[in-house]
Amino acid sequence: ESLPYCFIAGTEGLANWSEQDQARLDFYRGRLAELNPDFQTEKGYPPKPRGTANLTMSTAQTAHLHSCLAMTLEMPFKDT
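Source: prediction; values computed, not measured.

In this structure, what is going on with the overall build of the protein chain? I would like to understand it.
Helix and strand content of the protein chain: two helices and two strands. Along the protein chain, from the amino end to the carboxyl end, the secondary structure elements read β-α-α-β. For the protein chain, the C-alpha radius of gyration of 13 Å lies close to 12 Å, the compact-globule estimate for 80 residues. C-alpha atoms of the protein chain, sized along the principal axes, occupy 40 × 25 × 20 Å. By the burial criterion, 24% of the 80 residues in the protein chain qualify as buried. Residue pairs in contact within the protein chain that sit at least 24 positions apart in sequence constitute 74% of those at least 6 positions apart. In the protein chain, 7 positive and 10 negative side-chain charges are present, and the distance between their average locations comes to 3 Å.

Listed below in structure tokens is the structure:
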């Protein structure tokens, strides 16, 4: 992984991304950070601007097709 942190990559770039979607994503991220000391919310990929989601990525495609909250849990791994 390019970033050595545990974090959530969301689907903020969807054209129909709403304030409610953002609130649900923020709640999930915050709750995960409360429950798991390895997870954090300060560092991660910057959110994509609305309407620029890459729908060839499974997370964005799932959120788009099913009108649901979808995300990728990024976890660092280095094979040494």
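I'm lost on the pattern of salt bridges in this one. Help?
Side chains that differ in sign of charge can pair as their charged atoms come close. This model, assessed by the stated rule, comprises three salt bridges. With its nearest N and O atoms 2.8 Å apart, the salt bridge here joins Arg-24 to Asp-21. Highlighted residues: Arg-24 and Asp-21, both in helix α1 (residues 19-35), separated by three residues, approximately one helical turn. Owing to a relative accessible area of 34%, Arg-24 belongs among the partly exposed residues under this scheme.

Help me understand the side chain of Thr-11, please; the structure alone is not making it clear to me.
As for its placement among the helices and strands, Thr-11 is situated in the loop between β1 (7-9) and α1. Among residues more than four places away in sequence, those in contact with Thr-11 are Trp-17, Thr-59, Ala-60, Ala-63 and Ala-70.

Could you clarify how one ought to interpret the layout of surface pockets in this entry?
A water-sized probe, rolled over the atoms, reveals where empty space remains. What the largest pocket holds in volume is close to 540 Å³. Along the walls of the largest pocket sit 25 residues, with Ala-9, Gly-10, Glu-12, Tyr-45 and Lys-48 positioned nearest its centre. Mapped by element, the contributors of at least two residues to the lining of the largest pocket are β1, α2 (58-66) and β2 (72-74). Residues of the lining of the largest pocket, tallied by class, amount to nine nonpolar, ten polar and six charged.

Help me out: how do you make sense of α1 in this one?
One full turn of an α-helix is made of 3.6 residues, so residues set three or four places apart face in the same direction. The end-to-end C-alpha distance of α1, which contains 17 residues, comes to 24 Å, matching closely the 24 Å that a straight helix rising 1.5 Å per residue would cover. For α1, the full list of buried residues reads Asp-21, Leu-25 and Arg-29. Taken down its axis, α1 places every buried residue within 65° of arc, on the same side. Facing away from the buried side of α1 by over 90 degrees, the exposed positions are Glu-19, Gln-20, Phe-27, Glu-34 and Leu-35. The inward-facing, buried residues of α1 contact β1. A side-chain oxygen of the first residue of α1 lies 3.3 Å from the backbone nitrogen of Gln-20; this N-cap is Ser-18.

Analysis parameters
Residues numbered from 1 in each chain as written. Predicted model: local features only at pLDDT ≥ 70, side-chain atom pairs only at ≥ 80, totals over all residues. Heavy atoms only, no water. Helix = DSSP H or I, 4+ residues; strand = E, 2+ residues; numbered from the N terminus. Rg over C-alpha atoms; globule rule 2.2 N^0.38 Å. Buried < 20%, exposed > 50% of the residue type's maximum accessible area, 1.4 Å probe, protein only. Contact = heavy atoms within 4.5 Å. Lys, Arg positive; Asp, Glu negative; His and termini not counted. Charge placed at Lys NZ, Arg CZ, Asp CG, Glu CD. Salt bridge = Lys/Arg side-chain N within 4 Å of Asp/Glu carboxyl O. 1 Å grid on protein atoms, 1.4 Å probe; cavity = no way out; pocket = protein on both sides within 12 Å on 5 of 7 lines; lining within 4 Å. Points joined across faces, edges and corners; volume = space filled by probe spheres on them. Nonpolar A, V, L, I, M, F, W, Y, C, P; charged D, E, K, R; others polar. Expected span 1.5 Å × (residues − 1). Arc of directions from axis to C-beta. Polar contact = N/O pair within 3.5 Å; in protein donor to acceptor, adjacent residues only side chain to side chain.

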